[in-house]
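One letter stands for each residue in the lines below.
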Amino acid sequence: MKYIELQDKSLTELQQLLKDKKAELFTLKIQLKTMQLTKTSQIASTRKDIARISTAISQKAMQSSYN
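Residues numbered from 1 in each chain as written. Predicted model: local features only at pLDDT ≥ 70, side-chain atom pairs only at ≥ 80, totals over all residues. Heavy atoms only, no water.

**Q** Which residues make up the UniProt feature "coiled-coil region" (unreviewed entry) in the protein, and what are the values?
**A** The sites that UniProt annotates as "coiled-coil region" (unreviewed entry) are residues 4-31. Taken as a whole, residues 4-31 contains 89% helix and 0% strand, while its terminal C-alpha atoms sit 30 Å from one another. (UniProt positions renumbered as here; feature names shortened; annotations may be inferred. Helix = DSSP H or I, 4+ residues; strand = E, 2+ residues; numbered from the N terminus.)

Shown next, in the form of structure tokens:
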């Protein structure tokens, strides 16, 4: 997921996407603990996606406060 893709989304869409990614991260961590996760790099990429979404949310909040 690229940051450019996130810029076009609304604030509510971003918040829902963040919620979904956090749930996905939780699932991946459970799979890691139970030895069911084959690609451990998925955890890192999901964390990066969460960071990108959080950045987009804060950027939208900054823009709305200036307007």
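**Q** Summarise the pattern of salt bridges; cite the residues concerned and give the values.
**A** With the rule as written, the count across this model stands at three salt bridges. Note that Lys21 and Asp49 form a salt bridge whose closest N and O atoms lie 3.3 Å from each other. Of this pair, Lys21 sits in helix α2 (residues 11-33) while Asp49 sits in helix α3 (residues 41-66), and the two are 28 residues apart along the sequence. Among the residues examined, Lys21 registers a relative accessible area of 14% and is labelled buried. Arg52 is the salt-bridge partner of Asp49, the closest N and O atoms lying 3.0 Å from each other. You can see Asp49 and its partner Arg52 sitting in helix α3, three residues apart, about one turn around the helix. Look at Arg52 and you get partly exposed, because its relative accessible area is 31%. Within this structure, Lys21, Glu24, Asp49 and Arg52 form a network of salt bridges that share partners. (Salt bridge = Lys/Arg side-chain N within 4 Å of Asp/Glu carboxyl O. Buried < 20%, exposed > 50% of the residue type's maximum accessible area, 1.4 Å probe, protein only.)

**Q** Describe the environment of Gln31, with residues and values.
**A** With respect to the element layout, Gln31 can be found in helix α2. When residues no more than four places from it in sequence are discounted, the contact partners of Gln31 are Gln36 and Leu37. (Contact = heavy atoms within 4.5 Å.)

**Q** Let's hear about the packing of α2 against α3: which residues, and what values?
**A** Contact geometry for α2 and α3: axes closest at 9 Å, N-to-C directions at 160°. Comparing their axes, α3 and α2 come out roughly antiparallel. Here α2 runs over α3; the crossing is left-handed. Residues Leu11, Leu14, Gln15, Leu17, Leu18, Lys21, Lys22, Glu24, Leu25, Leu28, Lys29 and Leu32 of α2 form the contact with α3, whose own contacting residues are Gln42, Ile43, Thr46, Arg47, Asp49, Ile50, Ile53, Ser54, Ala56, Ile57 and Lys60. (Axes fitted to C-alpha atoms, helices over the stretch in contact; angles between N-to-C directions. Parallel < 35°, antiparallel > 145°, perpendicular 65-115°, else oblique. Left-handed = near helix turned anticlockwise from the far one by under 90°.)

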